[in-house]
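Read off the chains here:
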Amino acid sequence: MRSDPRIGVVGATGAVGTVTLALLRERGYERVRAFASARSAGRRLDDVVVEVASPEALRAGELDVCLFSVGTSASRELVPHAVAGGAMAVDKSSAYRLVDGVPLVVPEVNGDRAHEHEGIVANPNCCTIPLTVALKPLHDAAGLKRIRVATYQSVSGAGAQAMTRLSDEASDEHDLRMDWDFDGVEFDEEAKLRDETRKILELPDLPVSATCVRVPVMVGHAEAVWVETEQPLSAEQAEALLQEAPGLRVEPFPTPGRAAGKDDVLVGRIRRDPTVENGLALFVVGDNLRKGAALNAIQIAELLLARTAAV
């Protein structure tokens, strides 16, 4: 890998973008440029001055990897310009996740798929990432028959404005929210969780039933997961597998507070579900700004850069 890859962070002033910049600094990357909307141009983020995320700037050919942390419509507009300029794009929006031919990657689960890109690799939803990290070792050992999941998602998943709103809100005003697009049957967040999990695990017919809610927690998405496996797998065997799996840490009682600021996905409450044959129940928690978004994208970028350097 070249020692000084040129990395662009688009959406650098947002909740995920600021974490992305901090993680890049932690990991020793020095040639980093920050891009955002025109109203943020000239703003200084530590030692990086924010530039306008214009098609011309991204198309100029001065970036090796571009990490996008913007909305779906902005990604659809800007990602092709970065690719045309020769950069490899890792996009965190839903713009490309389910597009045929675009890899949807969690490095601990299907990292090899990242190399099948044609300029774009998609970063999954912030709940899909920890869920698939936890499911992968169980799938490898016993196969997956059915997944049921209830998510308890922090407000940071809705962006910086939602975080400010929670900070300003009185505690007696706190409540659950369901703030995703609704088609009359399910929220688009629930559809994303199902469809992305199927794509990442390469199980297109896997039954996945999800219920998603937003909770008054600043950072950290939690998921109660009920798993039916094809083959018998005891809770003790499952815990042993999860303890050895990359990117996971087994804890008795994982919580968003314990996950905040951590790179690993926390998993606990691992027990038998006696209501179904070959049933397991577990509780999964991850920092949605780190492994649920920024870190996963950086890990994808590192896979791409390592392959490029080896060619």
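This structure is a prediction, so every number in the text was calculated from the model and none was measured.

Caption draft 1: Quick peek at the packing of aromatic side chains. Following the criterion strictly, the structure yields three aromatic pairs and no others. Summarising the aromatic geometry, the rings of Tyr152 and Phe283 are spaced 6.5 Å apart at their centres and angled 35 degrees between planes, so their arrangement reads as tilted. One end of the pair, Tyr152, is in strand S8 (residues 144-153); the other, Phe283, is in strand S13 (residues 279-286), and 131 residues separate them in sequence. Overall, Tyr152 belongs to the partly exposed group, its relative accessible area being 32%. Owing to a relative accessible area of 21%, Phe283 belongs among the partly exposed residues under this scheme. Through a chain of ring-to-ring contacts, three or more aromatic side chains come together here, namely Trp180, Phe182 and Phe187.

Caption draft 2: Fine view of the pattern of salt bridges. Inspection of the entire model under this criterion finds 21 salt bridges. The residue Glu169 makes a salt bridge to Arg177 at a minimum N-O spacing of 2.9 Å. Using a relative accessible area of 33% as the deciding quantity, one classes Arg177 as partly exposed. Overlapping salt bridges, with partners in common, bring together Glu26, Asp263 and Arg290 in one network.

Caption draft 3: Representation of the state of the cysteines within the structure. Scanning all chains against the criterion turns up zero disulfides. For Cys212, which is in no disulfide, the shortest distance to another cysteine sulfur is to Cys127 and amounts to 6.0 Å.

Caption draft 4: Molecular detail of the sheet that holds strand S1 (residues 7-10). Strand order in this open sheet of seven strands is S3-S4-S2-S1-S5-S6-S7, and the pairing throughout is mixed. Of all strands in the sheet, those bounded by a partner on one side alone are strand S3 (44-45) and strand S7 (120-122). Sheet topology note: the strand S2 (residues 32-36)/strand S4 (residues 48-52) ladder contains three bridges and is parallel. Within S4, the residue paired with Ala36 across the bridge is Val52. Contacts from helix H1 (residues 15-26) reach S1, S2, S3 and strand S5 (65-68), with the element oriented near 160 degrees to S1. Strands S1, S5, strand S6 (88-91) and S7 of the sheet are contacted by helix H3 (residues 72-84), whose axis makes an angle of about 175 degrees with S5.

Calculation criteria
Residues numbered from 1 in each chain as written. Predicted model: local features only at pLDDT ≥ 70, side-chain atom pairs only at ≥ 80, totals over all residues. Heavy atoms only, no water. Phe/Tyr/Trp six-rings, centres within 6.5 Å; stacked < 30°, edge-to-face > 60°. Helix = DSSP H or I, 4+ residues; strand = E, 2+ residues; numbered from the N terminus. Buried < 20%, exposed > 50% of the residue type's maximum accessible area, 1.4 Å probe, protein only. Salt bridge = Lys/Arg side-chain N within 4 Å of Asp/Glu carboxyl O. Disulfide = S-S within 2.5 Å. Pairing = 2+ DSSP bridges. Contact = heavy atoms within 4.5 Å. Axes fitted to C-alpha atoms, helices over the stretch in contact; angles between N-to-C directions.

So yeah, pure geometry; function would need other evidence.
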